[in-house]
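Each chain, letter by letter, is given below.
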Amino acid sequence: MTYDPNEDRTYWRREDSRRLIEAARDSGHELAIALGERLEDLADTADELHDAKAEIAELTRRVDYLRKELDAYELGDAAP
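Everything in this summary refers to the structure shown in the same document. (Residues numbered from 1 in each chain as written. Predicted model: local features only at pLDDT ≥ 70, side-chain atom pairs only at ≥ 80, totals over all residues. Heavy atoms only, no water.)

## Looking at the side chain of S27
Relative to the elements of secondary structure, S27 occurs in the loop between α2 (17-26) and α3 (30-42). Take S27: its relative accessible area is 11%, and that puts it in the buried class. A distance of 2.8 Å separates a polar atom in the side chain of S27 from the backbone oxygen of A24. Every residue in contact with S27, bar those within four places of it in the chain, is listed here: Y3, A32 and I33. (Helix = DSSP H or I, 4+ residues; strand = E, 2+ residues; numbered from the N terminus. Buried < 20%, exposed > 50% of the residue type's maximum accessible area, 1.4 Å probe, protein only. Polar contact = N/O pair within 3.5 Å; in protein donor to acceptor, adjacent residues only side chain to side chain. Contact = heavy atoms within 4.5 Å.)

Printed below as a string of structure tokens:
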């Protein structure tokens, strides 16, 4: 059992998300279990956001490149 009912809020705030999720699951309290499940659903959000931002940056670079290429075609600077 990872849940310790004798620990206070300050203790739990210092713990990482994985520990909180496990403690919530083992707490026996329906609200804590539901909140632990919600936290688990969000656990990878930071990594997913980082990946999405990197993908946006890459796609923005591609769009800029393609716009320049299109502009060149429209101006007749590039062979068809």
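## Quick notes on a negative patch on the surface
A cluster of acidic residues, D44, D47, E48, D51 and E55, forms a negative patch on the protein surface. Tracing the chain through its elements places D44 in the loop between α3 and α4 (45-75). For D44, a relative accessible area of 47% corresponds to the partly exposed category. (Patch = residues over 30% accessible without salt bridge, like charges linked within 9 Å, V, L, I, M, F, W, Y side chains within 5 Å. Areas by Shrake-Rupley, 256 points an atom, 1.4 Å probe, with all protein chains shown as cover. Salt bridge = Lys/Arg side-chain N within 4 Å of Asp/Glu carboxyl O. Lys, Arg positive; Asp, Glu negative; His and termini not counted. Charge placed at Lys NZ, Arg CZ, Asp CG, Glu CD.)

## Digging into the pattern of salt bridges
Inspection of every chain in the model, using the stated rule, returns five salt bridges. E40 is the partner of R25 in a salt bridge, and the nearest nitrogen-oxygen pair spans 3.6 Å. Taken together, the positions of R25 in helix α2 and E40 in helix α3 put the pair 15 residues apart, joining distant regions of the chain. Its relative accessible area of 43% is what places R25 among the partly exposed residues. Here E40 falls in the partly exposed class, since its relative accessible area comes to 33%. In this structure, a network of salt bridges that share partners links the residues R18, R25 and E40.

## Details of α2
What sets the pattern is the α-helix's 3.6 residues per turn: residues three or four places apart point alike. Residues R19, I21, A23 and A24 constitute the buried set of α2. On its buried face, α2 is in contact with α1 (9-14) and α3. A positive backbone phi angle near 80 degrees is found at G28, which sits one or two residues after α2.

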